[in-house]
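# Observations on the three-dimensional arrangement
These are the residues of each chain, in order.
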Number of protein chains: 2
Amino acid sequence: MKDEKRPEWYEPKKADFFSSTLKPGVSGNDPGDEYPVKTGRFVKKTANRKIDPYTLAVEIRGGNRTALAKGITLIESNAERDFQYAQLLLQHLLTDSGNSIRIGITGVPGAGKSTFIESFGSYLCDLGHKVAVLAVDPTSTVTGGSILGDKTRMEKLARNPRAFIRPSPSGGKLGGVHRKTRETMLICEAAGFDVILVETVGVGQSEVIVRDMVDFFLLLVLTGAGDELQGMKKGIMELADCVIVNKADGQNEQAAKKTKEEYNRILPFLQPATKGWQTTALTSSALHDKGNDEIWNRISNFKSLTKESGVFEERRRFQIKEWLNDLIIDQLQMNFFQHPAVKSLLPKIKNEVISGNTPVASGVDELFKAYFEARK
Amino acid sequence: MKDEKRPEWYEPKKADFFSSTLKPGVSGNDPGDEYPVKTGRFVKKTANRKIDPYTLAVEIRGGNRTALAKGITLIESNAERDFQYAQLLLQHLLTDSGNSIRIGITGVPGAGKSTFIESFGSYLCDLGHKVAVLAVDPTSTVTGGSILGDKTRMEKLARNPRAFIRPSPSGGKLGGVHRKTRETMLICEAAGFDVILVETVGVGQSEVIVRDMVDFFLLLVLTGAGDELQGMKKGIMELADCVIVNKADGQNEQAAKKTKEEYNRILPFLQPATKGWQTTALTSSALHDKGNDEIWNRISNFKSLTKESGVFEERRRFQIKEWLNDLIIDQLQMNFFQHPAVKSLLPKIKNEVISGNTPVASGVDELFKAYFEARK
């Protein structure tokens, strides 16, 4: 098997790279010269060449926001060399990560997610917390847009010195975006942020992906539960640890309360998202900063209850194992499906199998034969 | 890459095997002499060496039950040589498969699945249908037992000349069992069976697997919907095209009707399993053969409605594509995770990653490095 058969961006060129001993400030730390920077259509941006991961880690731990932004840019980079730097940086910061409550937030478009995050985030900052806001946006990988791309949506929170807002990473498949958001979360934790809010839109698979990276999952909905419940993907409700009926203000307040009660009648019939925790509904008026204390109370109760029962740590360990597994499977599939031998043969096999001319297992057999033959 | 690095049972030894021209009754058809029979711990049983797939296909199409049983045994065999024979057999029968309604049946233990299948299957035979009963049993792969293993459970149906009962294939992972059941279904269709009932227990992932191989999915439940709904995995209800409250007889009849109504109140709030079809509940007394006509009516309506809308064929095409994809991913994972290099390294990486000493992407990187190095 020759080198050019491997996926370009993945395989490191230096075999013992991660096992090498690293010391701060020593120039030997910089493996950069041995890593030619690939510039292809997948490379959106490359981080600063002159990065010393150890120094950067120290600065991030010290609360240096410029260093934090630099670190995240490094992680989000699609350049091969940056991947190695980013992993070194993470290696240095891992021991300081994990000390936060990770909260996922989803909701149908128009449910007021950004207004809610602005209000709830500011409330938490006032309580003395440091709040990082990240996003996983399946649409941004397609359109290039981003749910948090428009920073003006959270002007107040963005100006808060205790808050840090980072839009969804762009470029690559959702799986890749997923990895980047998880790693960004770890860096933010090492930088001292103790509440991580991960926003996502309630479409596609992004809410499942976000559920797999957070401790607590909030679902934002609007009044009109009847219609809402009919139209909404029921799977989403079963991911939620708390349902929030937003925009409970003015003329809408009574309707929101009624909707909350309707949800509270349905929720006990659904599979709970977290063992030993009954998901319930609350109302919120993000516009008037109302409901934040009740929501934070729920989350705090959840945290102490699941920490005591061991469910909290169990979920985190499970999430890491799943993450490892997901990355392996992503990589296996990429190696296979991106291989020229498979790419040229697959459409033919697919047609034969669907038209009923070839048994499925025979088609698979033929594909693997071609794949391994080409890799020889 | 050397041959011994490949999974033993998968890679065919003769490159142009499937593309070779085959003629009936010609001894050149038998590729057996070139395929040494592997006998290892995965080989549970091997089919008759002297099989001519073409002749067997003709016999199966002609309604020969011994040939049908022989063909299924061939498919269920874990021997490498039998895999090639089985694929040839399928190749010959594919054009005659597909002309059936495939019905999945699940339910909690004690819901009376076998009594229901006996009653419903006999009813269909009386209407002139030919009924094949297959099973997907996740427990049989672990315990060696099988939900349909005890043939005495369906004595009446087993004696019916228009019915054919096949217990769950044993041996191998659930993914492998899954493949075998799908292929067995195709052979039964080629043998003229126009109703395929696939039984599974409502635990684990088996009901999702069965949903992916059938046109219509029945969920059997008992009275006491309140408790039932609380305890049952809600995901299962969203897979069902029809919920049947069984054991609606004697003193239980009124309670069953009440339960049916409770289900009919909840079901409209759930995600429908099939586009354009509202899942509803019915009652049944398999013991007294009551309710079968109403259930068959529902299924017939479903069939004509989805055939007209194109949803029927769309789902079948989708299922074949998913099947192809699933088999590829199974195979990729088996190649990787069964590789000695990965097997010896993975526990270490897992520990490092969970304990927070190694970033997840670095761990994956290291695994793939070892894997590709060993395959060189």
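Refer to the structure printed above.
In this text the structure is predicted, and so the values were computed from the model without any measurement. Numbering of residues starts from 1 in every chain and runs along the sequence as written. Chains carry letters and ligands carry numbers; both start at the beginning, A for chains and 1 for ligands, and go up in the order they are written. Given that this is a predicted model, residues contribute local features only at a pLDDT of at least 70 and side-chain atom pairs are listed and counted only at 80 or more, while totals for whole chains, interfaces and linings are drawn from all residues. Excluded from the side-chain calculations are hydrogens and water; all other atoms, namely the structure's heavy atoms, are used.

### Focus: the sheet that holds strand β7 (residues 280-283) of chain A
Residue and element names in this part refer to chain A.
- The pairing criterion is simple: DSSP has to find at least two bridges between the two strands. Secondary structure elements are taken from DSSP: a helix is a run of H or I of four residues or more, a strand is a run of E of two residues or more, and numbering for both begins at the N terminus. Judged by pairing direction, the sheet is parallel, and its seven strands sit side by side in the order β3-β2-β4-β1-β5-β6-β7 without closing on themselves. Every other strand in the sheet has two partners, leaving β3 (163-165) and β7 as the edge strands with one partner each. Ignoring which end each strand starts from, the neighbouring axes of this sheet average 25 degrees apart.
- When strand β2 (residues 131-136) meets β3, the two strands line up parallel, connected through three bridges. Within the sheet, the bridge partner assigned to Val131 lies in β3 and is Ala163.
- The contact definition used throughout considers only heavy atoms, calling two residues in contact when any of these lie within 4.5 Å. Every axis in this analysis is a line fitted to C-alpha atoms, fitted for helices over the stretch in contact. Angles between the N-to-C directions lie between 0 and 180 degrees. Most of the contacts of helix α4 (residues 113-126) go to strand β4 (residues 195-200), to which it runs at about 180 degrees, and overall it touches β1 (101-107), β2, β3, β4, β5 (216-221) and β6 (242-245).

### A few points about the pairing of strand β6 (residues 242-245) of chain B
Residues and elements named next belong to chain B.
- A 1.4 Å probe rolled over the protein chains alone gives each residue an accessible area, and that area as a share of the maximum for its type sets the label: buried under 20%, exposed over 50%, partly exposed in between. Side-chain alternation along β6 places Cys242 and Ile244 on one buried face and Val243 and Val245 on a second face that is also buried.
- As defined by bridge partners, strand β5 (residues 216-221) adjoins β6 across four bridges and the pair is classed as parallel. Looking at β6, one finds that Leu220 is bridged to Ile244.
- With four bridges connecting them, β6 and strand β7 (residues 280-283) associate as parallel partners. Opposite Cys242, over in β7, you have Thr280 as the bridge partner.
- Read as a crossover between parallel neighbours, the route from β6 over helix α11 (residues 253-266) to β7 is right-handed. If the strands point away from the viewer and the path from the first strand over the helix to the second runs clockwise, then the crossover is right-handed.

### Considerations on the packing of aromatic side chains
- We call Phe, Tyr and Trp rings a pair once their centres come within 6.5 Å, taking the six-membered ring for Trp, and we label the pair stacked below 30 degrees between planes, edge-to-face above 60, and tilted otherwise. Applying the stated criterion to the full structure yields 22 aromatic pairs over all chains.
- Relative to Phe302(B), the ring of Trp277(B) has its centre 5.1 Å away and its plane inclined at 90 degrees; by these criteria the two rings are edge-to-face. Remark: Phe302(B) occurs in helix α12 (residues 292-309) and Trp277(B) occurs in the loop between α11 and β7; sequence separation between them is 25 residues.
- What makes Trp277(B) buried here is its relative accessible area of 8%.
- The class of Phe302(B) is buried, set by a relative accessible area of 1%.
- Centre to centre, the rings of Phe336(B) and Phe337(B) are 5.2 Å apart; their planes meet at 90 degrees, and the pair counts as edge-to-face.
- Taking the relative accessible area as the measure of exposure, Phe336(B) reaches 0% and is therefore buried.
- By the ring-pair criterion, three or more aromatic residues cluster together here, those being Phe336(A), Phe337(A), Phe368(A), Tyr371(A) and Phe372(A).
- Across the ring face of Phe193(A), the terminal group of Lys130(A) is positioned such that the distance to the ring centre comes to 4.5 Å. Charge over a ring is defined by NZ of Lys or CZ of Arg lying within 6 Å of the ring centre and within 35 degrees of the ring normal.

### Things to note about α4(A)
All names here are of chain A.
- Its 14 residues give α4 an end-to-end C-alpha distance of 20 Å, which sits within 8% of 20 Å, the value for a rise of 1.5 Å per residue.
- Across the 14 residues that make up α4, a large majority, 11, are buried.
- When we look at burial in α4, the residues that qualify are Lys113, Ser114, Phe116, Ile117, Glu118, Ser119, Phe120, Gly121, Ser122, Leu124 and Cys125. An expected span of 1.5 Å times one less than the residue number is assigned to each helix.

### Considering unusual backbone geometry
Residues and elements named next belong to chain A.
- Phi at Asp289 takes a positive value of approximately 55 degrees, unusual for a residue other than glycine.
- Take Asp289: it is sitting in the loop between β7 and α12 (292-309).
- The class of Asp289 is partly exposed, set by a relative accessible area of 43%.

### Focus on the environment of Arg265(A)
- For Arg265(A), the position within the fold is in helix α11 (residues 253-266).
- Once the C-alpha coordinates of Arg265(A) and Thr280(A) are considered, the two residues, 15 residues apart in sequence, prove to be 9.1 Å apart.

### Some thoughts on the sheet that holds strand β4 (residues 195-200) of chain B
Residue and element names in this part refer to chain B.
- Ordered by their spatial adjacency, seven strands build an open sheet running β3-β2-β4-β1-β5-β6-β7, and the pairing between neighbours is parallel. Edge strands, defined here as strands with exactly one partner in the open sheet, are β3 (163-165) and β7. Here the strands of the sheet are splayed against their neighbours by 25 degrees on average, with no regard to which way each runs.
- The strands touched by α11 are β5, β6 and β7; relative to β7, the strand with the most contacts, the crossing angle is about 175 degrees.

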